[in-house]
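# Examining the three-dimensional arrangement
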Amino acid sequence: MLSQAHRDIVRDTVPLLETGGEVLTTHFYAMMLREYPEVRPLFNQAHQANGDQPRALANAVLMYARNIERLDQLGGLVSTIVNKHVALQILPEHYPIVGKCLLRAIEEVLGKEVATPAVIAAWAAAYGQLADILMGVEEQAYQEKADTPGGWRGARSFRLERRVVESAEISSLYFVPVDGDPVLRHQPGQYLGLKLLINGQEHRRNYSLSAMADGVRYRISVKREPGGVVSNFLHDDLAIGGVVEVFPPSGEFVLAPGDKPVALISAGVGITPTLAMLEAALQTSRPVYFIHCARSRAAQAFAPWLQSLAAQHKQLRCFYRYEDEDGRLDDAALADWLPRERNLDAYFLGPKGFMAAVQTSLRALGVPQEQCRYEFFGPAAALH
Ligand SMILES: Cc1cc2nc3c(=O)[nH]c(=O)nc-3n(C[C@H](O)[C@H](O)[C@H](O)COP(=O)(O)OP(=O)(O)OC[C@H]3O[C@@H](n4cnc5c(N)ncnc54)[C@H](O)[C@@H]3O)c2cc1C
Ligand code: HEM
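Quick notes on the rules
Residues numbered from 1 in each chain as written. Chains lettered and ligands numbered in written order. Predicted model: local features only at pLDDT ≥ 70, side-chain atom pairs only at ≥ 80, totals over all residues. Heavy atoms only, no water. Near = heavy atom within 4 Å. Polar contact = N/O pair within 3.5 Å; in protein donor to acceptor, adjacent residues only side chain to side chain. Helix = DSSP H or I, 4+ residues; strand = E, 2+ residues; numbered from the N terminus. Areas by Shrake-Rupley, 256 points an atom, 1.4 Å probe, with all protein chains shown as cover. Nonpolar A, V, L, I, M, F, W, Y, C, P; charged D, E, K, R; others polar. Domains from an automatic or database assignment. Pairing = 2+ DSSP bridges. Axes fitted to C-alpha atoms, helices over the stretch in contact; angles between N-to-C directions. Buried < 20%, exposed > 50% of the residue type's maximum accessible area, 1.4 Å probe, protein only. Contact = heavy atoms within 4.5 Å.

Around ligand 2, 23 residues are found, and the nearest of them are Leu 42, His 47, Lys 84, His 85 and Ala 380. One nitrogen or oxygen atom from the side chain of His 47 is found 2.9 Å from an oxygen atom belonging to ligand 2. In the model, a nitrogen atom of ligand 2 is placed 2.9 Å from a nitrogen or oxygen of the His 85 side chain. Counting residues per element, the ones that place at least two in the shell around ligand 2 are α4 (52-66), α5 (75-88), α6 (95-110) and α7 (117-147). With five residues, the single largest contributor to the shell around ligand 2 is α5.

What follows concerns the site of ligand 1. In the vicinity of ligand 1, 24 residues are found, and the nearest of them are Asn 206, Tyr 207, Lys 223, Val 230 and Ser 231. One nitrogen or oxygen atom from the main chain of Pro 226 is found 3.0 Å from an oxygen atom belonging to ligand 1. One of the side-chain nitrogen or oxygen atoms of Thr 272 is found 2.8 Å away from an oxygen atom of ligand 1. About the coverage of ligand 1: the protein hides 75% of its 970 Å² of free accessible area. Mapped onto the shell around ligand 1, the elements with two or more residues apiece are α3 (45-49), β4 (201-208), β5 (218-223) and α8 (229-237). A total of four residues in the shell around ligand 1 trace back to one element, the largest contributor, which is β4. Per-class residue counts for the shell around ligand 1 are eleven nonpolar, nine polar and four charged. When we break the shell around ligand 1 down by domain, the ones giving at least three residues each are domain 1 (4-147) and domain 2 (156-250).

This paragraph deals with the sheet that holds strand β6 (residues 243-250). Taken together, six strands build an open sheet; the order of strands is β4-β3-β6-β1-β2-β5 and the sheet is antiparallel. Edge strands, defined here as strands with exactly one partner in the open sheet, are β4 and β5. Taking the axes of each pair of neighbouring strands and ignoring which way they run, one obtains an average angle of 40° across the sheet. Note that strand β1 (residues 156-165) and β6 share four bridges and pair antiparallel. Paired with Ser 157 across the two strands is Glu 245, which belongs to β6.

On to the domain arrangement of the protein. When cut into domains, the protein gives domain 1 (4-147), domain 2 (156-250) and domain 3 (262-374). Distance from the C-alpha centre of domain 1 to the C-alpha centre of domain 3: 35 Å.

All right, on to the pairing of β5 then. Here β5 lies mainly inside the structure; five of its six residues are buried. Sheet topology places strand β2 (residues 170-177) next to β5; six bridges connect them, and they run antiparallel. Note that in β5 the partner of Ser 172 across the bridge is Ser 221.

Relative to the helices and strands, Asn 83 is located in helix α5. Residue Asn 83 is classed as buried on the basis of its relative accessible area of 15%. Ignoring any residue separated from it by four or fewer positions in sequence, one finds Asn 83 in contact with Tyr 191, Ser 250, Gly 251 and Glu 252.

Here we take up the environment of Ala 256. Among the secondary structure elements, Ala 256 is positioned in the loop between β6 and β7 (262-267). Note: C-alpha distance between Ala 256 and Gly 189 (67 residues apart in sequence) is 10.0 Å. Contact partners of Ala 256, with chain neighbours within four places excluded, come to Arg 286, Tyr 347 and Arg 373.

Put into structure tokens, the structure is as follows:
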């Protein structure tokens, strides 16, 4: 139970977290991944190596400590964490491992003089409270997904039905459930969790669903990542008929209902969730502005399909920017392509620098901030 004395101590730790949070969480992950091999496959090692995941956790712990008196302020953070956890099947039995390692990391990084037994007790109580919140919301999400038609809980076996080359780097993979039953109809923009065994090693990854729900199959579209374990396996090694384990669709970067014009702005493989959103938006009468940036025409995926959609739907306007011909997307192009009436819903995804630039441009163009939504293909980070 978290007492007022505990809360005071946690709040007093905020300055330490502001300066040393990442050192703490980096130490924490190194220890946990070394000593608890059972949780290793849950984590993407690339996100450890580039520091994104320790940074995301440090930011979350800091936000929590800052808001320890008013947890209702945490809303957005909790839902981002829960969606990611649910897509990767984080379960209650994992929480004590994280708790134990976090407390040890606090003690080892801050030293026993700062991390006194009172500080450790306060953080133990605070962690317990946060873990209870997350486990509660996660259980609710697991149950909801199991109760939805076509839904399930945990891993379900899917086999690869077909693979389609979309560009030099991106291929689409169509998966159907081995049991032949219907599949949960995902919201446009959501992603799956995949669990694969590659050379005897388990790996988990998220992939956005790149087509609208049909209740029968799922399509993902994967970019070959140089040196990447899972993307190369999906491109080269998974045979047609091969089976992977899939966790139910998750994610909150979804097309919100409404009648405002929709701007879908992507770069590279960031196009994937916007394809499902595009299909869904075209089922309404909303005008759609589909803006896509690629390194070159050869690197652009889905071009013929987009062309045929644009020919069929007057409400759709497609704009492309090729870096090798016109440089990167800029304010002038966006101002020219977007409608003069800026009261629109914007969704954007691509590399971090691209998203930061798009966010700044949309702001400058007067698109209301609360109508600009984005997601990261990795742990969330600040866009500046
Ligand atoms: C919500 C979400 C949706 C996503 N949707 C898509 C999608 O639609 N399409 C898509 O293609 N991707 C998507 N991704 C990204 C995807 O999950 C994978 O991260 C991506 O496919 C790379 O995985 P990999 O196993 O091939 O590469 P990894 O093995 O994870 O490697 C990635 C890079 O890091 C380097 N690396 C790995 N380990 C280390 C290390 N220890 N030290 C230093 N460098 C290292 C590798 O050499 C490589 O360059 C999404 C991610 C998220 C979170
Ligand atoms: C109070 C406890 C916890 C907090 C505050 C927390 C916080 C976070 C945050 C902030 C992210 C990044 C979300 C995003 O931006 O996408 C994340 C992702 C993740 N969390 Fe947790 N988490 C907690 C417990 C756990 C537990 C118990 C596990 C399992 C051992 C776990 C495993 C993961 C994994 C695997 C990811 C994705 C990492 C990646 O992309 O490499 N978390 N968590």
